[in-house]
Amino acid sequence: MFVPFSVNDFLDRARTVYGERVGVVDEPVQPAPSLGDVTYAELATLARRQAAKLDELGLEVGDRVAVVSQNSARLLTSFFGVCGSGRVLVPVNFRLRPDEVSYIVQHSGARVVYVDPELDEALASVTAEHRFVLGDDDDLFAPEGVEPRPWEPDEAATACINYTSGTTARPKGVQITHRNIWVNAVTFAMHAGVSDRDVYLHTLPMFHANGWGMPFATTGLGVPQVVLRKVDGAEILRRVEQHGVTFLCAAPAVVASVLDAAATWEGEIPGRDRVRIICAGAPPPTRTIVRVQEELGWEFIQIYGLTETSPLLTINRTRSEWDDLPAEERASRLVRAGAPALGVRLDVDKEGEVLARSNVVLEGYWEQPEESARALEGGWFHTGDGGVLGDDGYLTISDRKKDVIITGGENVSSIEVEDVLFSHPAVAEVAVIGVPDEKWGETIKALVVLADGASATEAELIAWCKERAAGYKAPTSVEFRDELARTATGKLQKFMLRQPYWEGRERQVG
Ligand code: AMP
């Protein structure tokens, strides 16, 4: 029997089996009225009312709905209300500037856009056929009792388009299907040992690879989900204590902020011997892994993947064979990206690029057939990451082939930052590179050659970038040079430019 996978499977099960259980604890204090504690039965009702609202607005199957919001119960509901009725959710990075958000809304062809009240003024120029501010729930949900039009699930249909910065100046829209979501959520939950006794804390932004798919996995298993709107180490510890949280996902910079907060925390660290923290986005320092185990008493799990792979490709979790190893030695095994998740095949090509094949790999980039063909050439997904596959099947990410900087867990396209700097009249040549940084893993450095007779200061160029792109994409330092190393064909030699900053390090990524 063939039954098409869809996101509705997760919510249907939650409603049937865990209907009375609190499924979502919304952020208590936020600019929109908090939805408070929402049971899974109520979440299912909200999703149906949201679908009915989209019917009322005249949205067809396949139409796009963009939501620009910090983590919230309303955004979480949209994963089911929008995708579960055959429409396509475009969750947008709330840190982007208005023109960046407008590009995504327009490129995706979103007919409806919802923005968080805190962003409303700044995003006044972001428009669509229907534009609403989250919080007035008549705009989001049809009245109770109005039933949505039925949708016949199609597992090959696109459920979400997640825009990600990569090798092009503009972000690309990653089309994730219902089937991608299903396989990612189920294998992730299996490998991370998620059960209905867990309590999940949404530390990851939900827009980023759909919160790595955890909204689906946790819903399907009836796991209560605690929404966190703003990342803060001490607040994470408080929520872990208050809600009995058992697992969370985080980039290394967030793990570091929890460790910082723990240093001044009074009393027993919450969740000792209970919490597991799943880390990805960049390779964490070995020391961080040891500290998580020793100072927090939490289990450290690493995964590796990309927005394009839903994202789970590999997972690294302590196995029984490592139980008796000294902490440092165990950490030296956990520092690797991990072993392939079930159903993932990995390879490393002659140039050292990691290739993957799996049912979690994207359908394609939205309206960019050439980029899609390039990424999927030869029937393998080209990750753009440099890596080494050990004899034991474990992958280590050692290098980056693509021109992307990952700072604090977010991707930044070097080309995009170079474009912005180029638009400054004093800049004649520019190369933007990632350099190691204690806090952020990598931070952005611009190497600039000034035009003849022109002058500009470091502070001026940084401010120029902040005015024109999201703050996290601005360089944190600028170095002025007389010339930049180029190949014979005039191409910038990024590798050469990066080298001095990474010398003596085992990996060329942070
Ligand atoms: P994104 O699509 O924004 O989630 O970024 C994906 C990129 O993050 C990958 O291509 C890698 O470069 C990097 N990345 C994710 N997880 C890891 C990890 N565990 N170790 C090293 N790099 C990682």
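Residues numbered from 1 in each chain as written. Predicted model: local features only at pLDDT ≥ 70, side-chain atom pairs only at ≥ 80, totals over all residues. Heavy atoms only, no water.

Caption draft 1: Broad picture of the overall build of the chain. Assigned secondary structure in the chain consists of 15 helices and 25 strands. In terms of overall dimensions, the chain is globule-like: its C-alpha atoms have a radius of gyration of 23 Å, near the 24 Å expected for 510 residues. The C-alpha extent of the chain, read off along each of the three principal axes, is 70 × 60 × 50 Å. Taking all 510 residues of the chain together, 58% fall into the buried category. Considering only residue pairs separated by 6 or more positions, the chain has 68% of its internal contacts joining residues 24 or more positions apart. (Helix = DSSP H or I, 4+ residues; strand = E, 2+ residues; numbered from the N terminus. Rg over C-alpha atoms; globule rule 2.2 N^0.38 Å. Buried < 20%, exposed > 50% of the residue type's maximum accessible area, 1.4 Å probe, protein only. Contact = heavy atoms within 4.5 Å.)

Caption draft 2: A look at the site of the ligand. Every one of the 18 residues lining the ligand counts as a neighbour, but Gln302, Ile303, Thr307, Asp385 and Lys402 are closest to it. With respect to the ligand, the backbone of Ile303 contributes an N or O atom lying 2.8 Å from a nitrogen atom. Interatomic distance of 3.2 Å between a side-chain N/O atom of Asn411 and an oxygen atom of the ligand. For the ligand, whose unbound accessible area comes to 500 Å², protein coverage reaches 95%. Contributing elements (two or more residues each) for the shell around the ligand: strand 13 (299-305) and strand 20 (395-400). (Near = heavy atom within 4 Å. Polar contact = N/O pair within 3.5 Å; in protein donor to acceptor, adjacent residues only side chain to side chain. Areas by Shrake-Rupley, 256 points an atom, 1.4 Å probe, with all protein chains shown as cover.)

Caption draft 3: Representation of the sheet that holds strand 25 (residues 477-480). If you trace the 3 strands from one edge of the open sheet to the other, you get 23-24-25, paired in mixed fashion. With one partner strand each, in any of the chains shown, strand 23 (427-437) and strand 25 form the two edges of the open sheet. Strand-to-strand twist in this sheet, taken as the mean axis angle between neighbours without regard to direction, amounts to 25 degrees. Across 4 bridges, strand 24 (residues 441-450) lies against strand 25 in parallel orientation. Counted as the bridge partner of Val448 is Phe480 from strand 25. Packed on one face of the sheet, helix 15 (residues 494-502) meets strand 23, strand 24 and strand 25 and runs near 40 degrees to strand 23. (Pairing = 2+ DSSP bridges. Axes fitted to C-alpha atoms, helices over the stretch in contact; angles between N-to-C directions.)

Caption draft 4: Expanded view of the pairing of strand 12 (residues 276-279). Taking every second residue as pointing to the same face, both faces of strand 12 are buried, with Arg276 and Ile278 on one and Ile277 and Cys279 on the other. Pairing of strand 11 (residues 247-250) with strand 12, which is carried by 4 bridges, proceeds in the parallel orientation. Looking at strand 12, one finds that Phe247 is bridged to Arg276. For the handedness criterion, the β-α-β arrangement of strand 11, helix 9 (residues 252-263) and strand 12 is classed as right-handed. Across 4 bridges, the pairing between strand 12 and strand 13 is parallel. (Right-handed = clockwise from strand over helix to strand, strands pointing away.)

Caption draft 5: Examining the pattern of salt bridges more closely. Applying the stated criterion across every chain, the model contains 35 salt bridges. A salt bridge links Asp137 to Arg74; its shortest N-O distance comes to 2.8 Å. Remark: Arg74 occurs in helix 3 (residues 73-81) and Asp137 occurs in the loop between strand 6 (130-133) and strand 7 (158-164); sequence separation between them is 63 residues. On the basis of relative accessible area, Asp137 is assigned to the partly exposed category, the value being 22%. The class of Arg74 is buried, set by a relative accessible area of 2%. Counted as one network, the salt bridges with shared partners bring together Glu27, Glu235, Arg238 and Arg239. (Salt bridge = Lys/Arg side-chain N within 4 Å of Asp/Glu carboxyl O.)

Caption draft 6: Quick peek at the packing of helix 2 (residues 40-56) against helix 3. Direction vectors running N to C along helix 2 and helix 3 enclose 70 degrees, while the axes themselves pass 8 Å from each other. When the interaxial angle is binned, helix 2 and helix 3 end up roughly perpendicular. Crossing of helix 2 against helix 3: the hand is right-handed. Within the contact between the two elements, helix 2 uses Leu43, Leu46, Ala47, Gln50, Ala51 and Leu54 and helix 3 uses Thr77, Ser78, Phe80 and Gly81. (Parallel < 35°, antiparallel > 145°, perpendicular 65-115°, else oblique. Left-handed = near helix turned anticlockwise from the far one by under 90°.)

Caption draft 7: Highlighting the sheet that holds strand 13. If you walk across this open sheet you meet the 9 strands as 2-1-10-9-11-12-13-14-15, and the pairing is mixed. With partners counted over all chains shown, the strands left at the sheet margins are strand 2 (37-39) and strand 15 (339-340), one partner each. As paired elements, strand 9 (residues 200-202) and strand 11 share 2 bridges and run parallel to each other. When the sheet's bridge partners are listed, Tyr200 is paired in strand 11 with Phe247.

Caption draft 8: Structural view of the environment of Leu306. Relative to the helices and strands, Leu306 is located in the loop between strand 13 and strand 14 (312-316). Note: C-alpha distance between Leu306 and Gly222 (84 residues apart in sequence) is 26 Å. Apart from the residues lying within four places of it in its own chain, the contact partners of Leu306 are Pro311, Leu313, Phe381, Thr383, Asp385 and Lys402.

Caption draft 9: Seen up close, unusual backbone geometry. Along the chain, Ser310 connects to Pro311 via a cis peptide bond; the corresponding omega equals 15 degrees. In this fold, Pro311 is placed in the loop between strand 13 and strand 14. Phi at Asp273 takes a positive value of approximately 60 degrees, unusual for a residue other than glycine. Position of Asp273 among the secondary structure elements: in the loop between helix 9 and strand 12.

Caption draft 10: Expanded view of the packing of aromatic side chains. Going through the model one piece at a time under the given rule, you end up with 9 aromatic pairs. Each ring, one from Phe5 and one from Trp182, has its centre 4.2 Å from the other, and the planes form 25 degrees; the classification is stacked. With Phe5 in the segment before helix 1 (8-18) and Trp182 in helix 6 (residues 178-191), the pair connects residues that are 177 residues apart, well separated along the chain. Taken together, the aromatic side chains of Phe5, Phe10, Phe79, Phe80, Trp182 and Phe216 make up a single cluster linked through ring pairs. It is Arg357 that lies over the ring of Trp380; its NZ or CZ is 6.0 Å from the centre. (Phe/Tyr/Trp six-rings, centres within 6.5 Å; stacked < 30°, edge-to-face > 60°. Lys NZ or Arg CZ within 6 Å of the ring centre and 35° of its normal.)

Caption draft 11: Main features of helix 4 (residues 98-108). Those residues of helix 4 that fall on the buried side of the exposure criterion are Glu100, Val101, Ser102, Ile104, Val105, His107 and Ser108. Of the residues trailing helix 4, Gly109 is marked for its positive phi of about 70 degrees.

Caption draft 12: Representation of helix 3. Judged by how many residues are buried, helix 3 sits mostly within the fold: 9 of 9 residues are covered. Taken together, the buried positions of helix 3 are Ala73, Arg74, Leu75, Leu76, Thr77, Ser78, Phe79, Phe80 and Gly81.

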